[in-house]
Amino acid sequence: MTDPKHDNPFRTLATPAQEAPPEQDLERLESASPLPMAPGTPEDSLRQELEHGVLFTQAEKMVSWAVSQSRANAIWPLGFGLACCAIEMMAIIGPRFDVSRFGAEVMRASPRQADLMIVAGRVSIKMAPVLRQLYDQMPDPKWVISMGACASCGGVFNNYAIVQGVDKIVPVDVYVPGCPPRPEALIHGIMKLQEKILSSRVELGPFVAKRRKGVA
């Protein structure tokens, strides 16, 4: 004779034994209305457990969640070090700060293999076209972190030779203040960028267009 506990693959943990209630509680329970009895057959109990484990969602939301998780936890930065902030950016790869815990340790030397540009340092007027060209060569989706006061607003270099904010050349997603900011601040900026990626909506291309056309 087989054990019904082993026949049912959707077993639940046994409920802990309860102490016997006092006499007053027993009288109150007897006077109350009877509760519905639990299903007695194994088929009914199995059906009830299956109903508790069923989830309903949309394919678009499920794919969007999976794509956002993969993008946020596998960032490939393009290190664009221009001044002293680049030293702090290099430090996040070392064992002391270990940015690999956040999946962003794969620093690429080619813009065609990167999806995050970290602008670390002041951007001169001569370097601005190069910065824009590298940004255009990065595949979509792509993001930009402006690291330090010089890259964000020109810093102390308020003159004709320095771009007063890299946002005049490329769109910036996260600003990391400081002169220079510590590696912890840059890691915090990467975490904020991950939150932004996770909260963004993923376009599924022809699937979304076809679905919207069918609904309309």
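Preceding block: the structure.
This text gives an overview of the structure that appears in the document.

Here is what the cut-offs are and how they apply
- Residues numbered from 1 in each chain as written.
- Predicted model: local features only at pLDDT ≥ 70, side-chain atom pairs only at ≥ 80, totals over all residues.
- Heavy atoms only, no water.
- Pairing = 2+ DSSP bridges.
- Helix = DSSP H or I, 4+ residues; strand = E, 2+ residues; numbered from the N terminus.
- Axes fitted to C-alpha atoms, helices over the stretch in contact; angles between N-to-C directions.
- Salt bridge = Lys/Arg side-chain N within 4 Å of Asp/Glu carboxyl O.
- Buried < 20%, exposed > 50% of the residue type's maximum accessible area, 1.4 Å probe, protein only.
- Phe/Tyr/Trp six-rings, centres within 6.5 Å; stacked < 30°, edge-to-face > 60°.
- Lys NZ or Arg CZ within 6 Å of the ring centre and 35° of its normal.
- Right-handed = clockwise from strand over helix to strand, strands pointing away.
- Disulfide = S-S within 2.5 Å.

**Comments concerning the sheet that holds strand β3 (residues 143-147)**
- Spatial ordering of the open sheet is given by β1-β2-β3-β4, a layout of four strands whose pairing is parallel. Across the chains shown, the open sheet's two edge strands, defined by having one partner strand only, are β1 (77-81) and β4 (174-176). For this sheet, the mean angle separating the axes of adjacent strands, direction not counted, is 20 degrees.
- For β1 and strand β2 (residues 116-120), the ladder comprises five bridges, and the chain directions are parallel. The partner of Gly81 across the bridge, within β2, is Ala120.

**Considering the pattern of salt bridges**
- With the rule as written, the count across this model stands at five salt bridges.
- For Asp173, the salt bridge is made with Lys196, and the minimal N-O distance between the two is 3.0 Å. Taken as a pair, Asp173 in the loop between α7 (149-153) and β4 and Lys196 in helix α8 (residues 183-199) lie far apart in primary sequence, 23 residues in all.
- Note on Asp173: relative accessible area 24%, which makes it partly exposed.
- Between Lys192 and Glu195 there is a salt bridge; the shortest N-O distance is 3.7 Å. Placement of both Lys192 and Glu195 in helix α8 is noted, with a separation of three residues, approximately one turn of the helix.

**Here we look at the packing of aromatic side chains**
- Scanning all chains against the criterion turns up zero aromatic pairs.
- Sitting above the plane of the Phe157 ring, Arg122 keeps its charged end 4.7 Å from the centroid.
- Its end group placed over the ring of Tyr135, Lys142 keeps NZ or CZ at 4.3 Å from the ring centre.

**Examining the pairing of β3**
- Counting buried positions along β3 yields five of five residues, so the element is predominantly enclosed.
- The alternating pattern of β3 places Trp143, Ile145 and Met147 and Val144 and Ser146 on opposite faces, both of which are buried.
- By the bridge criterion, five bridges tie β2 to β3 in an arrangement that is parallel. Across the sheet, Ile118 pairs through a bridge with Ile145, a residue of β3.
- With helix α6 (residues 128-137) bridging β2 and its parallel neighbour β3, the resulting β-α-β unit is right-handed.
- Of the pairings in the sheet, the one linking β3 to β4 comprises three bridges and is parallel in character. Within the sheet, the bridge partner assigned to Met147 lies in β4 and is Val176.

**Description of the state of the cysteines**
- Following the criterion strictly, the structure yields zero disulfides and no others.
- With no disulfide of its own, Cys85 lies closest to Cys84 among cysteine sulfurs, the gap being 5.0 Å.
- Distance from the sulfur of Cys179, which forms no disulfide, to the nearest cysteine sulfur (Cys150) is 5.2 Å.

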